[in-house]
Amino acid sequence: LLALAQFDALTEGGDATLESFEGYVSTALALDQKDQALAKATAATVKFPEDANAWDLLGMAAEAAGKKEEARTALNKALELDPYLTTAKERLEKLK
């Protein structure tokens, strides 16, 4: 949980990077804290709305939380921003 708290602190500042959000979400999912992962991934899309990787992160978190429709929406947004984002394509394919 210490790692999660550290990533949380890194996502709070104005200079937070997408990597800090990715670290938080990955760690939260590893700890089976799906709701926290989903909330932080959503925050990433608010902070980085034009970054396909932020939307891919939300798709991953939503899928892990069992929210397939939300995952599809986020992954489609990721692919709209970057049609060549392989991870989003693969995640979307798994949801079909």
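Above: the structure in question.
Now for a look at the structure at hand. This structure is a prediction, so every number in the text was calculated from the model and none was measured. (Residues numbered from 1 in each chain as written. Predicted model: local features only at pLDDT ≥ 70, side-chain atom pairs only at ≥ 80, totals over all residues. Heavy atoms only, no water.)

### What about the nonpolar core?
Leu18, Phe21, Val25 and Leu57 are the most contacted members of the largest nonpolar core, which totals 29 residues. If you list the elements that add at least two residues to this core, you get helix H2 (18-30), helix H3 (34-47), helix H4 (52-64), helix H5 (68-81) and helix H6 (86-95). Take this core: its biggest share by element is 7 residues, from H4. Excluding residues within four positions of it along the chain, Val25 makes contact with Ala37, Lys40, Ala41, Leu57, Met60 and Ala61. (Core = buried A, V, L, I, M, F, W, Y, C linked by side-chain atoms within 4.5 Å. Buried < 20%, exposed > 50% of the residue type's maximum accessible area, 1.4 Å probe, protein only. Helix = DSSP H or I, 4+ residues; strand = E, 2+ residues; numbered from the N terminus. Contact = heavy atoms within 4.5 Å.)

### What to know about the packing of H2 against H3
Contact geometry for H2 and H3: axes closest at 8 Å, N-to-C directions at 165°. By the angle class used here, H2 and H3 are roughly antiparallel. Judged by the sense of rotation from one axis to the other, the crossing of H2 with H3 is left-handed. Residue-level inspection shows Leu18, Phe21, Tyr24, Val25, Ala28 and Leu29 of H2 in contact with H3, the latter providing Lys34, Gln36, Ala37, Lys40, Ala41, Ala43, Ala44 and Lys47. The residue makeup of the contact of H2 with H3, split by class, is 10 nonpolar, 1 polar and 3 charged. (Axes fitted to C-alpha atoms, helices over the stretch in contact; angles between N-to-C directions. Parallel < 35°, antiparallel > 145°, perpendicular 65-115°, else oblique. Left-handed = near helix turned anticlockwise from the far one by under 90°. Nonpolar A, V, L, I, M, F, W, Y, C, P; charged D, E, K, R; others polar.)

### Examining the environment of Ala41
Mapped onto the elements, Ala41 comes out in helix H3. The buried category is assigned to Ala41, whose relative accessible area is 0%. Dropping the residues within four chain positions of it, Ala41 is found in contact with Val25, Leu57, Leu58 and Ala61.

### Digging into unusual backbone geometry
Backbone geometry at Asp32 places phi at a positive 60°, although glycine is not the residue there. By the secondary structure assignment, Asp32 is in the loop between H2 and H3. The class for Asp32 is exposed, based on a relative accessible area of 54%.

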